[in-house]
Amino acid sequence: MPELPEAETIVRGLHPILSGTSLGHPDVLRADVVEGRSGALAAGTEGRTVTGVERRGKNIRMILDDGTSVVINLGMSGRLLHRPADSTEPEPSHPAVIWPLESGGLLVYHDIRRFGRIRLLDAAEYATWSRGLGPEPLGSAFTLSYLVEALGRSKSPLRSWLLDQRRVAGIGNIYALEALHLAGLHPALPASLIPSASVRLLRRSIRAVLREAIASGGTTLRDYRRVDGGRGSYATHLRVYGREGEACDVCTAPIERMVFGQRSAFYCPQCQRRPEGDL
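Procedures and definitions
Within each chain, residue numbers correspond to sequence positions counted from 1 in written order. The model is predicted, so local features are restricted to residues of pLDDT at least 70 and side-chain atom pairs to those at 80 or more, both for listing and for counting; the totals for chains, interfaces and linings are taken over all residues. Side-chain metrics rest on all non-hydrogen atoms present in the structure, leaving aside hydrogens and water. Labels follow the DSSP assignment, with helices taken as runs of H or I lasting at least four residues and strands as runs of E lasting at least two, numbered in each case from the N terminus. In this description the radius of gyration comes from C-alpha coordinates, and the expected globular size is given by 2.2 Å times residues to the power 0.38. Here the term buried applies to any residue with accessible area under 20% of the maximum for its type, exposed to any over 50%, and partly exposed to those in between, with areas from a 1.4 Å probe on protein chains only. Every residue pair with non-hydrogen atoms within 4.5 Å of one another is taken to be in contact. Convention adopted: a line fitted to C-alpha atoms gives each axis, helices being fitted over their contacting stretch, and angles between N-to-C directions are expressed from 0 to 180 degrees. The sense of a crossing depends on the near helix, which, turned anticlockwise from the far helix by less than a right angle, makes the crossing left-handed and, turned clockwise, makes it right-handed. Note on residue categories: nonpolar means Ala, Val, Leu, Ile, Met, Phe, Trp, Tyr, Cys or Pro, charged means Asp, Glu, Lys or Arg, and polar means any other residue, Gly included. In a helix, the anticipated span is given by 1.5 Å times the number of residues less one. Working definition: roughly parallel below 35 degrees, roughly antiparallel above 145 degrees, roughly perpendicular at 65 to 115 degrees, and oblique for all remaining angles. The rule for pairing is simple: two strands pair if DSSP sees at least two bridges between them. Joining through side-chain atoms within 4.5 Å is the link that ties buried Ala, Val, Leu, Ile, Met, Phe, Trp, Tyr and Cys residues into a set, and such a set is a nonpolar core.

**Thoughts on the overall build of the protein**
Within the protein, the regular secondary structure consists of 7 helices and 10 strands. Taking 279 residues into account, the globule formula puts the C-alpha radius of gyration at 19 Å, and the protein, at 20 Å, falls close to it. Referenced to the eigenvectors of the C-alpha coordinate spread, the extents of the protein come out at roughly 60 × 40 × 30 Å. Within the protein, buried positions represent 51% of all 279 residues. Nonlocal contacts in the protein, meaning residues at least 24 apart in sequence, comprise 65% of its contacts between residues at least 6 apart.

In structure tokens form, the structure reads like this:
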């Protein structure tokens, strides 16, 4: 957390604010969130104009006028906030890096637990880094044929397969479990054993859940905030995540929780029946 919908919401909020504006000298308050030397981040971004803001997987990418990319992963508790010059809101409590903006105000990377990372990558470095991630689930490369082939080569549980950023970029535990419920697939089912007719439904469910979450501004459970500091509202639409003991919205059976891969998985025992003899 945050996952693809949260990163996409932040990108959409930042794009009109940052595009065409120049970054001032960054105040690096917590050097441990910067990959490499903090001085290199300052030298590489000060005075540079932001030409675009994009997302890759769970990561936010600011593209600078020299082709350099500032890639920000929010980790567990990171926030990327725009603080207007005339803001009367309380200052962020745990700022890690602050960029003054030529257009006015500040861009603040805030991170309580400081598990997030900021990388400064040239064009070649960015291309190499990006190739290490799987296809975007909302992009054209996430085809049915790709999914059939990739799932068929893996014995990993479906939930674990979806969390592997090398296989598909941007999906975390929340949206993997939500998509699996929508598709009627048990999270511990080995990927290679998914019925062929269900692969198309899984792909459709992944894309539907992600689009729903983006439309709601993401899911705020605790730390995640939009660029303006507001909360995402998708938590009210969650089908199974965090709902152990509550009634399934489809069949009213109590939602159950299991732990594997050292993480909780939530599912409906009726809608997502665990196949016998294969687990």
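From this point on, the discussion continues.
**Here's the deal with the packing of helix α4 (residues 144-152) against helix α7 (residues 196-215)**
Look at α4 against α7: their axes get within 10 Å of each other, and the N-to-C directions meet at 120 degrees. Both α4 and α7 take part in a crossing whose hand is right-handed. Between α4, through Leu144, Leu147, Val148 and Leu151, and α7, the contact on the second element is made entirely by Val199, Arg200, Leu202 and Arg203. Among the residues forming the contact of α4 with α7, the class breakdown is 6 nonpolar, no polar and 2 charged.

**Overview of α7**
The terminal C-alpha atoms of α7, which comprises 20 residues, lie 30 Å apart, in line with the 28 Å expected from a rise of 1.5 Å per residue. Buried within α7 are the following residues: Ser198, Val199, Leu202, Ser205, Ile206, Arg207, Val209, Leu210, Ala213 and Ile214. On its buried face, α7 sits against α1 (4-18), α4, α5 (158-163) and α6 (173-183). After α7 finishes, the residue Gly217 shows a positive phi value of roughly 80 degrees.

**Thoughts on the packing of α1 against α7**
Look at α1 against α7: their axes get within 9 Å of each other, and the N-to-C directions meet at 40 degrees. Relative to α7, the element α1 lies oblique. Crossing hand, α1 versus α7: right-handed. For the pair α1 and α7, the contacting residues are Leu4, Pro5, Glu8, Thr9 and Arg12 in the first and Leu210, Ala213 and Ile214 in the second. Partitioned by chemical class, the residues of the contact of α1 with α7 number 5 nonpolar, 1 polar and 2 charged.

**Focus: the sheet that holds strand β1 (residues 27-28)**
The strand order β1-β6-β7-β5 describes an open sheet built from 4 strands, whose pairing is antiparallel. Among the strands making up the open sheet, the edge pair consists of β1 and β5 (78-83).

**Observations concerning the nonpolar core**
One broad trend across soluble globular proteins is that nonpolar side chains are buried collectively. Membership of the largest hydrophobic core comes to 30 residues, with the highest contact counts inside it found for Leu151, Leu158 and Leu202. Those elements that provide at least two residues to this core are α4, α5, α6 and α7. Considering each element in turn, this core owes the most residues, 7 residues, to α7. Residues contacting Leu151, with those up to four places away along its chain left out, are Leu158, Trp161, Ala191, Ser192, Ile194, Val199 and Leu202.

**A look at the sheet that holds strand β2 (residues 50-56)**
Adjacent strands of a sheet form backbone hydrogen bonds with each other and so pair up, either parallel or antiparallel. Here we have 4 strands laid out as an open sheet, ordered β2-β3-β4-β8, and antiparallel in their pairing. Edge positions in the sheet fall to β2 and β8 (117-121), since each has one partner strand and no second. If you compare each strand with its neighbour and ignore which way they point, the axes differ by 20 degrees on average. Relative to β8, strand β4 (residues 69-73) runs antiparallel, the two being bridged by 5 bridges. Bridge pairing in β8 links Val71 to Arg119. Its contacts with the sheet place helix α2 (residues 38-45) against β3 (59-64), β4 and β8, and it is angled at close to 55 degrees to β8. Those strands touched by helix α3 (residues 123-131) are β2, β3, β4 and β8, and its axis lies near 125 degrees from that of β8.

**Details of the pairing of β4**
For β4, the buried fraction is high: 4 of the 5 residues fall into the buried class. Here β3 runs beside β4; their pairing, made up of 5 bridges, is antiparallel. Residue pairing across strands places Asn59 opposite Asn73, the latter belonging to β4. In sequence, β3 turns back onto β4 through a hairpin of 4 residues, with Gly67 there showing a positive phi of about 90 degrees.

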